[in-house]
Amino acid sequence: MASRRVSSLLSRSFMSSSPSLFSLRGMNRGAQRYSNAAAAVENTITPPVKVEHTQLLIGGRFVDAVSGKTFPTLDPRNGEEIAQVAEGDAEDVNRAVAAARKAFDEGPWPRMTAYERSKILFRFADLIEKHNDEIAALETWDNGKPYEQSVQIEVPMLARVFRYYAGWADKIHGMTMPGDGPHHVQTLHEPIGVAGQIIPWNFPLLMLSWKLGPALACGNTIVLKTAEQTPLSALLVGKLLHEAGLPDGVVNIVSGFGATAGAAIASHMDVDKVAFTGSTDVGKIILELASKSNLKAVTLELGGKSPFIVCEDADVDQAVELAHFALFFNQGQCCCAGSRTFVHERVYDEFVEKAKARALKRNVGDPFKSGIEQGPQVDSEQFKKILKYIKYGVDAGATLQAGGDRLGSKGYYIQPTVFSDVKDDMLIATDEIFGPVQTILKFKDLDEVIARANNSRYGLAAGVFTQNLDTAHRLMRALRVGTVWINCFDVLDASIPFGGYKMSGIGREKGLYSLNNYLQVKAVVTSLKNPAWL
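Sequence positions are assigned chain by chain, starting from 1 and proceeding in written order. Restriction of local features to residues with pLDDT of at least 70 applies here, the model being predicted, together with a cutoff of 80 or more for giving and counting side-chain atom pairs; totals for whole chains, interfaces and linings are based on all residues. Side-chain figures throughout are based on the complete set of non-hydrogen atoms in the structure, without hydrogens or water.

1. Comments concerning the UniProt feature "domain: Aldehyde dehydrogenase" (unreviewed entry) in the chain
Move 1: This chain's UniProt record puts "domain: Aldehyde dehydrogenase" (unreviewed entry) on residues 63-524.
Move 2: Secondary structure elements follow DSSP: runs of H or I of four or more residues count as helices, runs of E of two or more count as strands, with numbering from the N terminus. Helix makes up 41% of residues 63-524 and strand 21%. Its end C-alpha atoms lie 43 Å apart. UniProt positions are given in the numbering used here, feature names are shortened, and annotations may be inferred rather than shown by experiment.

Structural data, given as structure tokens:
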């Protein structure tokens, strides 16, 4: 796996003649009708991993919550309990912040050379690779995503992101600049201090890496809260961080609920910065709590309703496959999913028929089975929300081309669903559904689709499918979004910044830009006497 380009496995692109992992799975298995697929979700496979860590990680040790409370984390394949996990609250956040503050103010992490920090991060990446299958199995068991996706794509990418930031650790530096008088002027780039980080459930490990990586490279200490739906994989990864040589208290992991543990982090007076990935509504709360406490720095990666634009010159077969991936990948639980599929009127009817056929072929079932493209949704709340939006679509008059119901009688499986004849003001076209529901809208020309695509409170990402370079350049500049993918989708290399316009967030994660989230810039001016030059 080390020799393969990890991002090419995560993304879909038609710039190469080589089929991707996803197209091989979907296209080579023939029609998988929902009536037949239902049987595939009833019998669950025993995961090839044991749950060993369910406590909070504070100050380098696994400890129970102060209250002694626990909560169940559930298997989305059947709703059954996997394990009881420590339920951290404000008192546990206080303990974690105290440990992080002591590690920052008194510990070796910000005082060791950047090269030494990088070596620890490189060792950590090696340990991730060593435990690749175990980490992947926990991720799939807790989240429901296909095991092949976890083991072949996401865990290797976790290692890749940490190697990327390990490489940055000893390349962070300030500048010198000329002053207008006899002064030596320089800037210092200093770690911001204690960072609070709150990660979501859809990509638990990747979001952990996007936050821990830059914060650690810059020399910060961290209190990280996992999503209550998916706490298990982060605890194992935290153990491996310490095996790699991370000093105690540098990374503290609290499992718990947003209203208690998450709010305590965002409002804590001794947390210097907070980073959050999740819904826009909760992002507003985080921003308010940060401003009402110590006005801590905030970065937010929030919701999206990303347009995927299929132009009139498109190869329809390729466009259908890429649009399918853009929406249905990860059970549709992607903030940047191409969830508004705009198709030119010249190819619209053909596209709709082929999109329907592709959805009916999608292989849904137990995520531990080989060849599965789609597992269950993460929990009952998300499951019910998606079904509610499907009903909204039907009631609003959109044409239900495929799916529209649960799959099987247990667990949180939903049929891959396709709507056509969707109008811009329908809830399925305005709201973030976060599920396997494709909405297909018709457009006439570029002026129209630009205006409609931008007519959203979100601005996270967009996809463009065209063979015309002028069309591509026009759209990439006109779309008010943080990322535009042209003839590809979900290319998420560690070096590529990710974030949104409008209500899709504040700031950028990944790449060079993310380092700025965890640094303070200090100007230092020193008087010079009789300088040889200025």
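2. Here we look at the UniProt feature "active site" (unreviewed entry) in the chain
Move 1: In the numbering adopted here, UniProt assigns the feature "active site" (unreviewed entry) to E301.
Move 2: On the secondary structure map, E301 appears in strand 12 (residues 297-301).
Move 3: A relative accessible area of 2% means that E301 is categorised as buried.
Move 4: Residue contacts are defined here by distance: any two heavy atoms, one from each residue, within 4.5 Å place the two residues in contact. Those residues in contact with E301 that sit more than four places away from it in its chain are M207, F276, T277, G278, C335, L460, F498, S504 and E509. Here the term buried applies to any residue with accessible area under 20% of the maximum for its type, exposed to any over 50%, and partly exposed to those in between, with areas from a 1.4 Å probe on protein chains only.

3. Things to note about the environment of V352
Move 1: Tracing the backbone shows V352 in helix 13 (residues 348-361).
Move 2: Taking the C-alpha atoms as reference points, V352 and T439, 87 residues apart in sequence, are found 10.0 Å from one another.
Move 3: In this structure V352 touches Q401, S420 and I440, once residues within four positions along its chain are discounted.

4. Quick word on the packing of helix 16 (residues 446-454) against helix 17 (residues 469-478)
Each pair of packed helices can be summarised by the angle the axes make with each other and by the distance between the axes.
Move 1: Where helix 16 meets helix 17, the closest approach of the two axes is 11 Å, and the angle between their N-to-C directions is 30 degrees. Between helix 16 and helix 17, the angle falls in the class roughly parallel. Along this stretch, helix 16 crosses helix 17, giving a crossing that reads as right-handed. Residues L446, D447, V449, I450 and N454 of helix 16 touch helix 17, and the partners they reach there are T471, R474, L475 and A478.
Move 2: Under the scheme applied here, ten amino acids are nonpolar (Ala, Val, Leu, Ile, Met, Phe, Trp, Tyr, Cys and Pro), four are charged (Asp, Glu, Lys and Arg), and all others, including Gly, are polar. Broken down by class, the residue content of the contact of helix 16 with helix 17 amounts to 5 nonpolar, 2 polar and 2 charged. Geometry is summarised by axes, namely lines fitted to C-alpha atoms with helices restricted to the contacting stretch, and by angles between N-to-C directions that run from 0 to 180 degrees. Relative orientations are named as follows: roughly parallel for angles under 35 degrees, roughly antiparallel for angles over 145 degrees, roughly perpendicular for angles from 65 to 115 degrees, and oblique for any other angle. By convention the crossing between two helices is left-handed if the near helix lies anticlockwise of the far one by an angle smaller than a right angle, and right-handed if it lies clockwise.

5. Description of the sheet that holds strand 19 (residues 461-465)
Move 1: A strand pair is defined by DSSP finding two or more bridges across the two strands. Ordered in space as 15-16-17-14-13-19-20, the 7 strands form an open sheet in which the pairing is mixed. Looking at the sheet topology across the chains shown, the edges are occupied by strand 15 (399-402) and strand 20 (483-486). The mean angle between the axes of side-by-side strands here comes to 25 degrees, regardless of whether they run parallel or antiparallel.
Move 2: Of the strand pairs in this sheet, strand 13 (residues 307-310) and strand 14 (residues 340-344) are connected by 4 bridges, and their pairing is parallel. If you follow V310 over to strand 14, its bridge partner there is V343.
Move 3: Each of strand 13, strand 14, strand 16 (417-420), strand 17 (437-443) and strand 19 touches helix 12 (residues 316-328); the most contacted strand, strand 17, lies at about 135 degrees to it.
Move 4: Against the sheet, helix 13 contacts strand 13, strand 14, strand 15, strand 16 and strand 17, and its axis sits at roughly 170 degrees relative to strand 17.

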